[in-house]
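Observations on chain architecture
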Amino acid sequence: MNKFSEKRRGDISEIEVCHLLLEKGYEVFRNISCVGFADIVAIHTETKEKLLIDVKTPTIYTTKDGATKFRTNKLSDAQVELGMKVACAYKGKLYIQNGNKSIERLIRA
């Protein structure tokens, strides 16, 4: 059983993603409201790349063949239309995907 509520786990996921973006050279701005399209706006300090990000907490599962994977949900159509990306942190790594796709990765032991 998870020791955190779903909302608290989401808060932790967002902070993890912010931390990893900062390490990669982005200035990070968080939405202070629980309402809105983006959780994070990030701007790379050198390249000036701008990211609109919705953070998703990954779900870990085991496939029929015994492989362990994680995946996230997709973004809403309105978020995709704005050019947002979905992001998650897992085991200290940052994963970012175009918003019209979920993030799905095999967990290697």
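Residues numbered from 1 in each chain as written. Predicted model: local features only at pLDDT ≥ 70, side-chain atom pairs only at ≥ 80, totals over all residues. Heavy atoms only, no water.

On to the overall build of the chain. Counting secondary structure elements, the chain contains 2 helices and 8 strands. The secondary structure elements of the chain, listed N-terminal to C-terminal, are α-β-β-β-β-β-α-β-β-β. What you see for the chain is a C-alpha radius of gyration of 14 Å, in line with the 13 Å of a compact globule of 109 residues. Over its C-alpha atoms, taken along the principal directions, the chain stretches across nearly 45 × 30 × 25 Å. For the chain, buried positions account for 32% of its 109 residues. For the chain, the share of sequence-separated contacts (at least 6 apart) that also reach a separation of at least 24 residues comes to 41%. Split by element, the accessible area of the chain, about 7500 Å² in all, is 51% carbon and sulfur. Averaging the coordinates of the 19 positive side-chain charges in the chain and doing the same for the 14 negative ones gives two points 5 Å apart. (Helix = DSSP H or I, 4+ residues; strand = E, 2+ residues; numbered from the N terminus. Rg over C-alpha atoms; globule rule 2.2 N^0.38 Å. Buried < 20%, exposed > 50% of the residue type's maximum accessible area, 1.4 Å probe, protein only. Contact = heavy atoms within 4.5 Å. Areas by Shrake-Rupley, 256 points an atom, 1.4 Å probe, with all protein chains shown as cover. Lys, Arg positive; Asp, Glu negative; His and termini not counted. Charge placed at Lys NZ, Arg CZ, Asp CG, Glu CD.)

A word on the pattern of salt bridges. Applying the stated criterion across every chain yields a total of 4 salt bridges. Put simply, K56 and D54 hold a salt bridge, and the shortest N to O gap is 3.1 Å. There is no split in this pair, since K56 and D54 are both buried. (Salt bridge = Lys/Arg side-chain N within 4 Å of Asp/Glu carboxyl O.)

Another aspect to go through is the state of the cysteines. This structure, assessed with the given rule, holds 0 disulfides. The structure places no disulfide on C18, whose sulfur is separated from the nearest cysteine sulfur, that of C88, by 14 Å. Given the relative accessible area of 7%, C18 is considered buried. With relative accessibility at 0%, the residue C88 sits in the buried group. (Disulfide = S-S within 2.5 Å.)

Before going further, it helps to spend a moment on the packing of aromatic side chains. Applying the stated criterion across every chain, the model contains 2 aromatic pairs. The interplanar angle of 70 degrees and the centroid separation of 5.1 Å between the aromatic rings of F70 and Y95 together place this pair among those described as edge-to-face. On the criterion of sequence distance, the pair formed by F70 in strand β5 (residues 68-71) and Y95 in strand β7 (residues 93-98) is long-range, its members being 25 residues apart. Residues F70 and Y95 agree in their burial class; the two are buried. Three or more aromatic residues joined by ring pairs make a cluster, and in this case those are F70, Y90 and Y95. (Phe/Tyr/Trp six-rings, centres within 6.5 Å; stacked < 30°, edge-to-face > 60°.)

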